[in-house]
Amino acid sequence: MGSDHDVVVIGAGFAGLYAVHKLRDELGLDVQGFDAAGGPGGTWWWNRYPGARCDFESVHYSYSFSDELQREWRWSERFAAQPEILAYLEWVADRLDVRKAFRFSMRITSLVWDDGTERWTVGTDDGKTCTARFVVSAVGNLSVAKEPEFPGVDRFGGQVLRTSAWPHEGVDLTGKRVGVIGTGSTGIQVIPEVARQAAHLTVFQRTPNFAAPLGNHPIDEDEARWLAENHEEVRAGSRENFLGAPYEAPRPSALADPPEERRKVYDEFYGKGGFRLVISTYQDLLFSKEANDTIAEYLRERIRERVEDPRTAELLCPDDHPYATKRAPFETDYYETFNRDNVDLVDVRSAPIETLTETGLQTAADHYELDVLILATGFDAMTGPLLHMGVVGRDGLTLNEKWAQGPKAYLGIGVHGFPNLFTLTGPQSAVALYNNPLAIEDHVDFAAAAIRRVLDGGAGTFEPTEEAERTWGAMTEGVLNMTLIPQAKNSWYMGANIPGKPRAAFIFPGGAPLYRAITQEVVGTDFGGFAIGGEGRPIPPMVQLDPAVALVLGLMLVNGAKPLEECTLEETRAAVESFTMLQAPPRDLRIVRTTFPSPAGEREARIYVPDAEGPLPVVVFFHPGGWIAGSLEVSDEPCRTLADELGAIVVSPDYRLAPEDPFPAATDDTFAALRWVADTIAEHGGDPSRLVVMGESAGANLAAVAAQRARDEGGPQLAAQVLLYPPIDPQADTASKREYVNGPFLSVAAAEGMWNAYLGDPANASSPLASPARASSLAGLAPALILTAQCDPTRDEAEDYGRALAAAGVPAEVRRMSGMIHGVFNMSGIVPRSRELYDAVGEFLQPLFSRAASPVG
Ligand code: N01
């Protein structure tokens, strides 16, 4: 048996170099690194093909953890080419003195877990083994090349070159007849370079790709120095951006802008170069096909402008996938290359490649004579590198068996049954849509924190629970299915570029801020969803979310939304008003705008009248907003939908807000509104004998109180009360307040701030007019439907109220919406399952409405 180590790190690219530094120099561990390459550099060591360069600006596509490294390195181009990135990584390896921790030119052949010793045995291709408590896989996700699908590679008399294993000495293509297969990011980079050298180039294209300008240019010394010296300012906000680079915030919707305006936006970002075109134009490009069609057509137009021959231009125009649903490539002179006399484009979609021959390439239609064939055919992405290492976990289960139907990895970094293995940038992590060096730093920091936690706690093992892994898989798939990504055929995002590979969710496309918020919560809950020393920890709140809700939170983070508890009053009010952006387009309905007499004078109310035969049942709806925010406008869409779906008149009254008008102003206004509706609604075709009081959040608290006041203060008689996640008692001490103390979205601190503003004097908390559960009796109240959200601190006090009502003999139904958060009633435009609230309300009210309407009922 060979040496024993604290940690084995596999890979010496961006991830491996930083991992060794972090674990060895910061945690003081004994770390052994391995890499199959002859030196540091990872993907940049292998991919030496002409044209290889990064497509996030180099100043962003570099480490951020060290002020020194950032200050001292100067980039010579906006997007550096492979030799410069490799030189950077070699320089970093020397500066951190991590080369000596690695054994290079050493491939891992087996990785076997032993439960008895709680160690991995690591086998290398020199026939040796060593052991380690932890293995950090930094093998990258695009490091195993796809095998050609066609025969004849051995027969071909010319030279076959793979872009991913380009000869170090370079290749002279002068005077050669060259073929390139592949028009992904690699092909699009290599093709213009080859065209400049070769006598003739034939590009074999199966699927055209949407390429847009990279916008590369040299950086002079002064600018390079300035960028290095001001790196903090230059890179600020990177991790708050969806893609992890400080790019401009997008406009909300491509469909909201008129075509001329949209064209200006696309022109601007096409000109700026790189990923800004994807991320800084419109927020809905990846979510709405109609929105995506606008940029897809724009890009096709640009291709037609740049390519002279119309037939070639049409062949280059993608028509089988929405833009950016395959990884967006960026180019320099790609389309102009097809205007050259020495370049031909061959469509191998209509006439597929059949075989290589002794002298060239045979398609179903023709034979092409070649001296050199370049394969830019892609990678067995995300899982390939891990599945090629012979990984065997607990009880002899191989990783290949475990992932036979697709990857399963909690947060993309841990696999149940494979303890103490960290799969940096693994499948189902955010890396595919997250500026890689930053994504990598986050993962290394996570692994280091986990290792430290295990060692400090004296535990032996760290691995995700099966439940957490399954829940994360559902989250990943759910978020992916909200995007247009599954619409792309042959995309490595879905594993679909490799014949026989399961088509599954290989990437988490929720963006860097959401992924970071989730992983931070995992760390903050003492690694929720992981088992430490065999002891499983509960899945943390954000991982419990419905994927669409998670995506809403992600978009809020991208848009710079502050946590509610940190908002000023004005900011809270603006935040609540912005709910309208999450709502479905409002339905067309007749609305009567009127006023009602409140104790403080006339206040506005809206009466929503559906197109139905009267007299109609009536719902009085109180808007949300924590008694300090909200308006008739915020609840306009929900009220229209309720009226339309219930066939009921819905009345939405305005009420006074705290802190300007604290308790009991809001309850006095809303109760006055209820009475006014009972007295006058017949004029609008309403039936006051079928009157329901309803509210959302603080509005639901007011509805519960109004129901009590109606009982105690002489009417009106109510058919029902419907309470959507009502806060019931500021002093309630509940499990949901502990579990969801930080939200998501509504935190206990935010709720407390709202209660305090409303109550004015804290002593008011004991009044049943503020805390309806404090009533001396709950008997005789109207039948209640209480809808709660699973991930909401107010959940348990609302459910307790439902139980107390039932105990007092009130027909009370409580329904908990799994994966939902406070406020979800306003997310009809994004969260499909918000429908369940309407369905539940309809199911509850319809029988009451029809019973009350029947002459014998
Ligand atoms: O690979 P790809 P890639 N017959 O899978 C074609 C990163 N990267 O190496 O779409 C004919 O995207 C295939 O056609 P089709 C980046 O993340 C970054 O280009 O399957 N054609 C496709 O055109 C990128 O996404 C940079 O019909 C065949 C191409 O080969 C990832 O690496 C630079 C074929 C493969 O495209 C992978 O990109 C380069 C066949 N039998 C790469 N088999 C930067 O700029 C495959 N193809 C940082």
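This is a predicted model, so every value here is computed, not measured.

Asks: Whenever I open this one, the overall build of the chain confuses me. Can you help?
Replies: Tallying secondary structure elements over the chain gives 27 helices and 29 strands in all. Expressed as lengths along the three principal axes of its C-alpha atoms, the size of the chain is roughly 95 × 65 × 55 Å. In the chain, of all internal contacts separated by at least 6 residues, the share reaching a separation of at least 24 is 75%. As displayed, the chain has an accessible area near 31100 Å², and 49% of this comes from carbon and sulfur atoms. Across the chain, the 75 positively charged side chains and the 119 negatively charged ones have centroids separated by 2 Å.

Asks: Honestly, the site of the ligand in this entry has me stumped. Any pointers?
Replies: Around the ligand sit 26 residues in total, of which K146, T186, R206, T207 and K326 are the nearest. At 3.2 Å from an oxygen atom of the ligand is found a side-chain nitrogen or oxygen belonging to Q189. Isolated, the ligand exposes 910 Å² of accessible area, and the fraction of that covered by the protein chains is 90%. Examining the composition of the shell around the ligand, we find that three residues originate from one element, helix α5 (residues 185-197), more than from any other.

Asks: In this structure, what is going on with the pairing of strand β1 (residues 4-10)? I would like to understand it.
Replies: Residues in a regular strand project their side chains so that they alternate between the two faces of the sheet. Burial within β1 is extensive, with five of its seven residues counted as buried. In this sheet, strand β6 (residues 129-137) lies alongside β1 in parallel orientation, the contact comprising six bridges. Across the sheet, the residue bridging to V7 is F134, located in β6. Relative to strand β2 (residues 31-34), β1 runs parallel, the two being bridged by four bridges. Note that in β2 the partner of V7 across the bridge is V31.

Asks: Got a minute to help me understand the packing of aromatic side chains in this structure?
Replies: Two aromatic rings, taken as a pair, are described by how far apart their centres are and by the angle between their planes. Scanning all chains against the criterion turns up 45 aromatic pairs. Ring centres of F102 and F104 lie 5.4 Å apart, and the angle between their planes is 25 degrees; on these two criteria the pair is classed as stacked. Each of the two residues, F102 as well as F104, counts as buried. With centroids separated by 5.7 Å and ring planes inclined at 80 degrees, the aromatic side chains of Y270 and Y298 adopt a geometry described as edge-to-face. Of this pair, Y270 sits in helix α8 (residues 259-272) while Y298 is found in helix α10 (residues 289-306), placing the two residues 28 residues apart along the sequence. Summarising the burial analysis for this pair, Y270 and Y298 share the class buried. Positioned above the aromatic ring of W45 is the side chain of R48, whose terminal nitrogen or guanidinium carbon lies 5.1 Å from the ring centre.

Asks: Explanation requested: the sheet that holds strand β9 (residues 200-205) in the structure shown.
Replies: The parallel open sheet is built from five strands, whose spatial order is β7-β16-β8-β9-β12. With partners counted over all chains shown, the strands left at the sheet margins are β7 (159-162) and β12 (343-347), one partner each. Pairs of neighbouring strands in the sheet enclose a mean axial angle of 20 degrees, with direction left out of account. When strand β8 (residues 177-181) meets β9, the two strands line up parallel, connected through five bridges.

Asks: Can you help me understand the sheet that holds strand β23 (residues 601-609) in this one?
Replies: Within the open sheet, the eight strands sit side by side as β22-β23-β25-β24-β26-β27-β28-β29. Their pairing is mixed. Looking at strand neighbours, the two that pair on one side only are β22 (590-598) and β29 (812-821), the edges of this open sheet. This sheet shows a mean twist of 25 degrees between the axes of neighbouring strands, independent of strand direction. Of the pairings in the sheet, the one linking strand β28 (residues 784-791) to β29 comprises seven bridges and is parallel in character. Within the sheet, the bridge partner assigned to L787 lies in β29 and is R815. Docked against the sheet, helix α26 (residues 795-807) engages β27 (720-724), β28 and β29, running at close to 155 degrees with respect to β28.

Asks: Before we go on, may I ask you to explain helix α23 (residues 698-712) in this structure?
Replies: The α-helix winds at 3.6 residues per turn, so residues separated by three or four positions along the chain end up facing the same way. Here α23 spans 21 Å end to end across 15 residues, near enough to the 21 Å set by a 1.5 Å rise per residue. Within α23, 13 of the 15 residues are buried, leaving the element largely enclosed by the surrounding structure.

Asks: In this structure, what is going on with the side chain of R516? I would like to understand it.
Replies: By the secondary structure assignment, R516 is in helix α17 (residues 512-524). If we skip the residues at most four places from it in the chain, R516 touches R239, Y434 and D442.

Asks: I'm lost on the pattern of salt bridges in this one. Help?
Replies: Should their charged atoms come close, side chains of opposite charge can pair. Evaluated as defined, the whole model comprises 75 salt bridges. Its salt-bridge partner being D371, residue R177 comes within 2.8 Å of it at the nearest N-O pair. Of the two residues, R177 sits in strand β8 while D371 sits in the loop between β15 (367-369) and β16 (372-375), which places them 194 residues apart along the sequence. We classify R177 as partly exposed; its relative accessible area is 34%. A salt bridge links D729 to R774; the shortest N-O distance between them is 2.7 Å. A residue pair is termed long-range when its members are at least 10 positions apart, and D729 in the loop between β27 and α24 (735-739) and R774 in the loop between α25 (748-759) and β28 qualify at 45 residues. For D729, a relative accessible area of 11% puts it in the buried group. When its relative accessible area of 30% is taken as the criterion, R774 is described as partly exposed.

Asks: What exactly am I supposed to notice about empty space enclosed by the protein here?
Replies: Think of a ball as big as a water molecule: rolled over the atoms, this probe shows where empty space is left. In this structure the tally under the stated criterion is four cavities of 30 Å³ or more. Of the voids in this model, the largest cavity is the one considered here, and its volume is about 280 Å³. Residue lining of the largest cavity: 27 residues in total, with G626, S697, L746, M754 and H822 positioned closest to the centre. With five residues, α25 is the single largest residue contributor to the lining of the largest cavity. Of the residues assigned to the lining of the largest cavity, the class counts are 16 nonpolar, six polar and five charged. By volume, the second largest cavity amounts to about 130 Å³. Going through the elements one at a time, α3 (67-72), α6 (221-229) and α7 (231-235) are the ones with two or more residues in the lining of the second largest cavity.

Asks: What am I meant to see in the nonpolar core here?
Replies: As a rule of thumb, soluble globular proteins bury nonpolar side chains together. By size, the foremost hydrophobic cluster in this structure holds 222 residues, and its most contacted members are L23, Y323, L411 and L845. In this view, L23 contacts V7, V9, G28, L29, V31, V136, A448 and I451; residues no more than four positions away in its chain are not counted. The next biggest cluster of nonpolar side chains, apart from the first, holds 30 residues, and it includes Y49, L316, V343 and V372.

Asks: Help me understand the packing of helix α1 (residues 14-26) against helix α15 (residues 436-456) in this model?
Replies: Taken N-terminus to C-terminus, the directions of α1 and α15 make an angle of 35 degrees; their axes are 9 Å apart at the nearest point. Between α1 and α15 lies a crossing whose hand is right-handed. Each of F14, A15, Y18, A19, K22 and L23 in α1 lies in contact with α15, whose residues at this interface are P437, I440, E441, V444, D445, A448 and I451. Looking at the contact of α1 with α15 residue by residue, the class counts come to 10 nonpolar, no polar and three charged.

Asks: How should the confidence of the model for the chain be read in this particular structure?
Replies: The predicted structure's coordinates, where accompanied by low pLDDT, should not be read in detail. Across the chain, the average pLDDT comes to 97, with 99% of residues at 70 or higher. At the low end of the mean pLDDT range in the chain sits helix α27 (residues 835-853), at 91; at the high end sits strand β18 (residues 421-423), at 99.

Asks: In this structure, what is going on with α15? I would like to understand it.
Replies: A rise of 1.5 Å per residue sets the reference length of α15, with its 21 residues, at 30 Å; its end C-alpha atoms lie 30 Å apart and thus fit the reference within 8%. Just downstream of α15 lies G458, where phi reads positive at about 70 degrees.

Asks: Explanation requested: the environment of D687 in the structure shown.
Replies: Position of D687 among the secondary structure elements: in strand β26 (residues 686-696). Residue classification places D687 among the buried residues on the basis of a relative accessible area of 13%. Spatially, the C-alpha atom of D687 lies 6.5 Å from that of V618, the residues being 69 residues apart in sequence. Side-chain polar atoms of D687 contact the side chain of S689, separated by 2.7 Å.

Cut-offs and rules
Counting restarts for each chain: residues are numbered from 1 in the order of the written sequence. Per-residue local features are limited, in this predicted model, to residues with pLDDT of at least 70; the limit for side-chain atom pairs, both in listing and counting, is 80 or more; totals at the level of whole chains, interfaces and linings are taken over all residues. With hydrogens and water set aside, each side-chain value is computed from the structure's full complement of heavy atoms. The helix and strand labels rest on DSSP assignments: H or I over at least four residues marks a helix, E over at least two residues marks a strand, and numbering proceeds from the N terminus. The contact rule is simple, with two residues in contact once any of their heavy atoms fall within 4.5 Å. The Shrake-Rupley method, run with a 1.4 Å probe, gives the accessible areas here. Residue values count only the displayed protein chains as cover. Counted as positive: Lys and Arg. Counted as negative: Asp and Glu, with His and the chain ends omitted from the count. In this description, the location of a charge corresponds to atom NZ of lysine, CZ of arginine, CG of aspartate or CD of glutamate. Here a residue counts as near a molecule or strand whenever at least one of its heavy atoms sits within 4 Å of it. The term polar contact refers here to a pair of N or O atoms within 3.5 Å; inside protein, the definition further demands a hydrogen-donor-capable atom paired with an acceptor-capable atom, and it admits residues adjacent in sequence only when both atoms are side-chain atoms. Throughout this description, buried means an accessible area under 20% of the type-specific maximum (1.4 Å probe, protein chains only), exposed means over 50%, and partly exposed covers the range between. If DSSP finds at least two bridges between two strands, the strands pair. Pairing of aromatic rings covers Phe, Tyr and Trp, the last counted by its six-membered ring, and requires centre-to-centre distances within 6.5 Å; plane angles under 30 degrees mean stacked, over 60 mean edge-to-face, and any other angle means tilted. Cation placement over rings: the criterion is NZ of Lys or CZ of Arg within 6 Å of the ring centroid and within 35° of the ring normal. To obtain an axis, a line is fitted to C-alpha atoms, over the contacting stretch when the element is a helix, and the angle between two such axes runs from 0 to 180 degrees between their N-to-C directions. Expected helix span is given by 1.5 Å per residue-to-residue step, counting one fewer step than there are residues. Just to be clear on terms, a salt bridge is a Lys or Arg side-chain nitrogen sitting within 4 Å of an Asp or Glu carboxyl oxygen. In this analysis, the protein atoms alone were mapped onto a 1 Å grid. Cavities are point sets where a 1.4 Å probe fits without being able to get out; pockets are open sets with protein on both sides within 12 Å along at least five of seven lines; lining residues have an atom within 4 Å of a point. Grid points are joined across faces, edges and corners, and a volume is the space filled by probe spheres set on the points. By the convention adopted, Pro, Cys, Tyr, Trp, Phe, Met, Ile, Leu, Val and Ala count as nonpolar, Lys, Arg, Asp and Glu as charged, and the other residues, Gly among them, as polar. Here, nonpolar core means buried Ala, Val, Leu, Ile, Met, Phe, Trp, Tyr and Cys residues that are tied together by side-chain atoms lying within 4.5 Å of each other. Two helices cross in a left-handed way if the nearer one is turned anticlockwise from the farther one by less than a right angle. They cross in a right-handed way if the turn is clockwise. What pLDDT expresses is the predictor's confidence in each residue, scored from 0 to 100.

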